[in-house]
Structures are given as C-alpha cells and as structure tokens.
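Observations on the three-dimensional arrangement
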Amino acid sequence: MSDTAATRSAEGSGGSPGGSGKPVRWGILGTGFIAGLQTSDLVGHGFSVQAVGSREPARAREFAAGFQLQSSHGSYAALVNDPDVDVVYIASPHPFHYEHALLALNAGKHVLVEKPFAMNAWQARAVMDLAESSGLVALEAMWTRYLPHMVRIRELIRSGALGDVRTLIADHNQNLPKNPEHRLNDPALGGGALLDLGIYPVSFAFDVFGNPTRIQGAASMTATGVDRQSSMIFDYPDGQQAVLQCALDTAGPNRAAVIGTEGRIEIDPVWYTPTGFTRYDDGGTVVERFDEPVTGRGMQYQAWEIERLIAAGATANDILSPRESVQVMLALDAVRSQIGLSYASDER
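Rules of the game
Residues numbered from 1 in each chain as written. Predicted model: local features only at pLDDT ≥ 70, side-chain atom pairs only at ≥ 80, totals over all residues. Heavy atoms only, no water. Pairing = 2+ DSSP bridges. Helix = DSSP H or I, 4+ residues; strand = E, 2+ residues; numbered from the N terminus. Axes fitted to C-alpha atoms, helices over the stretch in contact; angles between N-to-C directions. Contact = heavy atoms within 4.5 Å. Buried < 20%, exposed > 50% of the residue type's maximum accessible area, 1.4 Å probe, protein only. Polar contact = N/O pair within 3.5 Å; in protein donor to acceptor, adjacent residues only side chain to side chain.

1. Overview of the sheet that holds strand E4 (residues 87-90)
One open sheet accounts for six strands, arranged E3-E2-E1-E4-E5-E6; its pairing is parallel. Strands with a single pairing partner mark the edges of an open sheet, and in this sheet they are strand E3 (71-73) and strand E6 (138-141). Put simply, the sheet's adjacent strands are angled 25° from each other on average, direction ignored. Bridging between strand E5 (residues 110-114) and E6 involves four bridges; their strand directions are parallel. Residue pairing for E6: Val-113 is matched across the bridge by Glu-140. Contacts between helix H5 (residues 97-106) and the sheet are confined to strand E1 (25-29), E4 and E5, with E5 contributing the most and set at about 170° to the helix.

What follows is the structure, given as structure tokens:
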C-alpha cells in the first residue's frame, strides 16, 4: 500500500487481528499526558479502546472513567494479559519502553511504542527481534510520519519535484520545566533534549535521506548532566546534509525545510504536528500551497496504520519499520557518545 493509502484511510477503526473481521481492541499502558492525547484521538475516531493499565489502580480507574473504557487494571501485567486486548499502546516514560514492550510482546500483543522506541539501539533491536520472531507488530509511535503533510512531502520528493534534494533543516525547541527533579532534567529518567525533542528532527532526516554516513554532534549540558541543547549535522553518501537542533529550555520557531536543486518546501510551524507547507520553485515562486484539515491531534493516523498491518498479517511497513527505528537509535547513540550523555541502560 502506498503512503497515501496507508495514512489516509477512511475514518473509523477498520482493522482486524488476523483478518478475523473483528475490531482491533486497544489497551493503553500508562495514564500520563501522552496516553490521554492518544486515547482521545482513538476514542474520537471510532477505535475500540477496551482497557487501561497503571501501577496505581486509582489512576487506572480514573482514566478508564474519563474515556468510558470497559476495564482498568492496577498493573501493567494485568493489562497485557487482558484477553480483550489485541494491541498495547506503550505510553510510559521512555526508560521503560523496552521493558513494557517486551512485556506486551511476550503476552502475544502487538505494540505501538511511544518514541523514542527505546533508550538505545540494543534495547530497540531486542524489541524488534522479539516482535519479528513472534509474528507481531512493533511500531514506533512517530506520529509525524503519518500526517497528511508528510505524506505529500514524500510524494513530492519521490516525484523529483524538488530536483536533487540536498539539505534538510529542522529544529525542535521548547521551554520546558527547569526543576532539577523533573524527568526531563533527570539522567535516571532519560532526561535531556535529545531523546525527548531531538528524536523528531532526527527521525525526519531518516525519512528524507535514510541512514547517515557521518554524524557530528555538539551540546550544552545542564547542571544535572543531561543535554540542555544539542545540534547535529548528518552527512550522506551523495553529499546531502541534514542540519538538526533541539533545546528544552528555550522556545523556538519549530520550523523545517527541505531544499533541492529545483525548489524547496518550507513547513509551517509547528512542523511535526498537523500543519501545512509552501513549495517554491528554484526562483522563489510559490508553486504549491498544501493545507489539509486534520481532526483531533492527528495521532489517529499511526493507529490506523498499525491496524492495517495487523489486518494484513504484516509486521513492518516501508514508512517506519522496526529496523529503521533501530537505525534511528544507533544515530542517537552516536550523538550521545559525542556529547558525553550516557544512561544506566547503556550497560546491559
């Protein structure tokens, strides 16, 4: 199926496990902010969301009541073993993605794993290997890849409308909590700009150019030892470059551009959310303006895609395969090595 067909399917839950014709039934692992956003888009677009799990039973009950879910579980193990759940959305903090993805896969459940896919490449590879050997889907929840404007950008690049694409520029800057105990500033909780924010421009670079041949990284660190801001240059075999930047304590433009020999695309802020873009020819004349309305936050597109994969009996797509998620983590590992950012999970 093409990018367009995969991500612009008719609204509503149409997937079925093993082609059985029954709706794919969702379980939500975690009750935090991102879990609420994804669940809202699922419920609002007709997906079958059955259950939620939390380490705190009261929070699970509150979350289930808020979204009118059938079941709440006071442990993650109980959620993944719920017979009425086919796919588990892993919404825990990223230091726990590896553990919780394996928990769900070992229970025979497909997983949609919040980004980053894991803390590092060895964890990501372990998730990929278990999913492949079990015949299950493990899809990284890089929702940006499935949004309509990104689908159109891929179409334009592949058609040659930009000529030879030479440069990608993308930033992701937020003014986030500065409390040293906040998870974003805590090395024990995978803190730092790179994994929380830099994952977006890094993944975009992989989407456009694939795997880089050389990575250059630089960073400024916080007093707690995580990266406050990071900048990266990715080089590619034919001379292309991706110039990427992220920061967690300064609000930025959050723009992106794809530049080719015959034109360029400038994506509106915030580039990684549902938005539009303008395409210019090589003389600076506007030749296309893209605006496609998106209901909700736009996280339903990745959910449609995992349901499509489940219904087709497939375990990977060509938009973001588990193998590419591993490559993304390898690149992030390389940046972390250069800037001196390490986590306890780096030691097996």
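2. What to know about the environment of Leu-112
Residue position: Leu-112 is located in strand E5. On the basis of relative accessible area, Leu-112 is assigned to the buried category, the value being 0%. Measuring from C-alpha to C-alpha, the distance between Leu-112 and Thr-224 comes to 31 Å, with 112 residues separating the pair along the chain.

3. Describing the environment of Lys-115
Summarising the element assignment, Lys-115 is placed in the loop between E5 and helix H6 (121-134). Note: C-alpha distance between Lys-115 and Ile-199 (84 residues apart in sequence) is 7.5 Å. In contact with Lys-115, not counting residues within four places along its chain, are His-97, Glu-140, Ala-141, Met-142, Trp-143, Ile-199 and Tyr-200. Among the polar contacts made by the side chain of Lys-115, one reaches the side chain of Glu-114 at a distance of 2.5 Å. Among the polar contacts listed, one links the side chain of Lys-115 to the side chain of Tyr-200, at a separation of 3.3 Å.

Interpretation in functional terms is not warranted from these geometric data alone.
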